[in-house]
Amino acid sequence: MARRGKKKGRPISGWLILDKPVGMGSTEAVSKIKWLFQAEKAGHAGTLDPLASGMLPIALGEATKTVPYVQDGAKIYRFTVAWGQERSTDDLEGPVTKESDLRPSEAEVKALLPKYTGVIMQTPPQFSAIKIAGERAYDLARDGATVDIPAREIEIGRLDVVEHSADHTVFEVECGKGTYVRSLARDMGRDMGCFGHISELRRVEVEPFTPEDFVTIAELEAARFGVQEEGGADAADVADAVEAPIDFDAIDALLVDTSAALDCLPQIAISDDAATKIRLGNPVIIRGRDAPVEAEEACATARGKLVAIGAIEQGMFKPKRVFAG
């Protein structure tokens, strides 16, 4: 008997900028989006904890080739630190490990901010995805082990106090790749002797995307199944949609073009003939007065569509990674 081939899904490409709700894990979110779009391939550009909400950029199809550029982009978080308790996970999920009756004033909090701005050394939380001797730190921590995680260099562009009360402070931080906001809460609490943990966390931006790109699960279901956003899609809606002819136009319109992830690179406009050569892996001569002479990485487009990422050397574009037309 012949083996049945695994259904591959649609070769749809682009970025879905999900406004992830609290309680949903990043892997779960990717699976949900992949299913809604019936996409061949999907992946995210930076884990967001289940207790956090906000921007989770999800790449579909060819956009997965651009994930590293989004992962390297600056991020903005708005978060609330609850003072008086340190927890094993540095957020609400873990048990309390240290307590204090001290509470910082707004002036004390603001006086501490310069220490956490610029290039600093930070130790990731015990419950993190850092690998220690081949194992995830959070797996070791769940088994009761105390892990020696080395500090690493991160960059904080800015750290501002948005709101302050007796027991809580709301911050907004713009930071680079590898920053753990939970560690900021833990370390600031230790510095002031009052301890602290994250009680609310929302990722507001991931460069180059902005809040204007946000799409909710309800909006996706409304587009995919033709249901009202307020109620979402129930089992009957889904069953009817599976039986009915599929029209993906409405949900596909919610995607951001793959090339948006590469705004950080020099942009080179090429002809259709040059695009054909590049997609076959061949270098092409770059023409035009504004074309850069040298670039370690650049983005080639034809008729506004992404063709390849490559290097420009001696007036030629040499493709490193090509994209389907």
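Quick caveat: nothing in here was measured; it's all calculated off a predicted structure. (Residues numbered from 1 in each chain as written. Predicted model: local features only at pLDDT ≥ 70, side-chain atom pairs only at ≥ 80, totals over all residues. Heavy atoms only, no water.)

S.K.: Any chance you could break down the overall build of the chain for me, citing the residues and the numbers?
M.R.: Counting its regular elements, the chain contains 9 helices and 17 strands. The burial tally for the chain puts 45% of its 325 residues in the buried class. Put simply, 70% of the contacts in the chain that link residues at least 6 apart link residues at least 24 apart. As displayed, the chain has an accessible area near 17,000 Å², and 49% of this comes from carbon and sulfur atoms. (Helix = DSSP H or I, 4+ residues; strand = E, 2+ residues; numbered from the N terminus. Buried < 20%, exposed > 50% of the residue type's maximum accessible area, 1.4 Å probe, protein only. Contact = heavy atoms within 4.5 Å. Areas by Shrake-Rupley, 256 points an atom, 1.4 Å probe, with all protein chains shown as cover.)

S.K.: Tell me about the environment of T301, residues and numbers included.
M.R.: Here T301 lies in strand β15 (residues 295-302). What makes T301 buried here is its relative accessible area of 14%. Taking the C-alpha atoms as reference points, T301 and S271, 30 residues apart in sequence, are found 8.5 Å from one another. The residues touching T301, leaving out its near neighbours within four places in the chain, are Q267, I268, A269, I270, L306 and V307.

S.K.: Lay out the pattern of salt bridges with the relevant residues and their values.
M.R.: Inspection of every chain in the model, using the stated rule, returns 18 salt bridges. With its nearest N and O atoms 3.3 Å apart, the salt bridge here joins K110 to E106. Residue K110 and its partner E106 are both found in helix α3 (residues 106-112); the two are separated by 4 residues, about one turn of the helix. For K110, a relative accessible area of 43% corresponds to the partly exposed category. Relative accessible area serves as the criterion here: at 34%, E106 is assigned to the partly exposed category. Measuring nitrogen to oxygen at the nearest pair gives 2.8 Å for the salt bridge that ties D272 to R303. (Salt bridge = Lys/Arg side-chain N within 4 Å of Asp/Glu carboxyl O.)

S.K.: Which residues make up the sheet that holds β15, and what values go with them?
M.R.: Spatial ordering of the open sheet is given by β13-β15-β16-β17-β14, a layout of 5 strands whose pairing is mixed. Because the sheet does not close on itself, it has two edges, and the strands there are β13 (267-269) and β14 (284-285). As judged from the 2 bridges shared by β14 and strand β17 (residues 316-322), these two strands associate in the antiparallel manner. Looking across to β17, one finds that I285 is bridged to M316. Sitting on the sheet, helix α9 (residues 272-279) is in contact with β14, β15, β16 (305-313) and β17, with an inclination near 75° to β16. (Pairing = 2+ DSSP bridges. Axes fitted to C-alpha atoms, helices over the stretch in contact; angles between N-to-C directions.)

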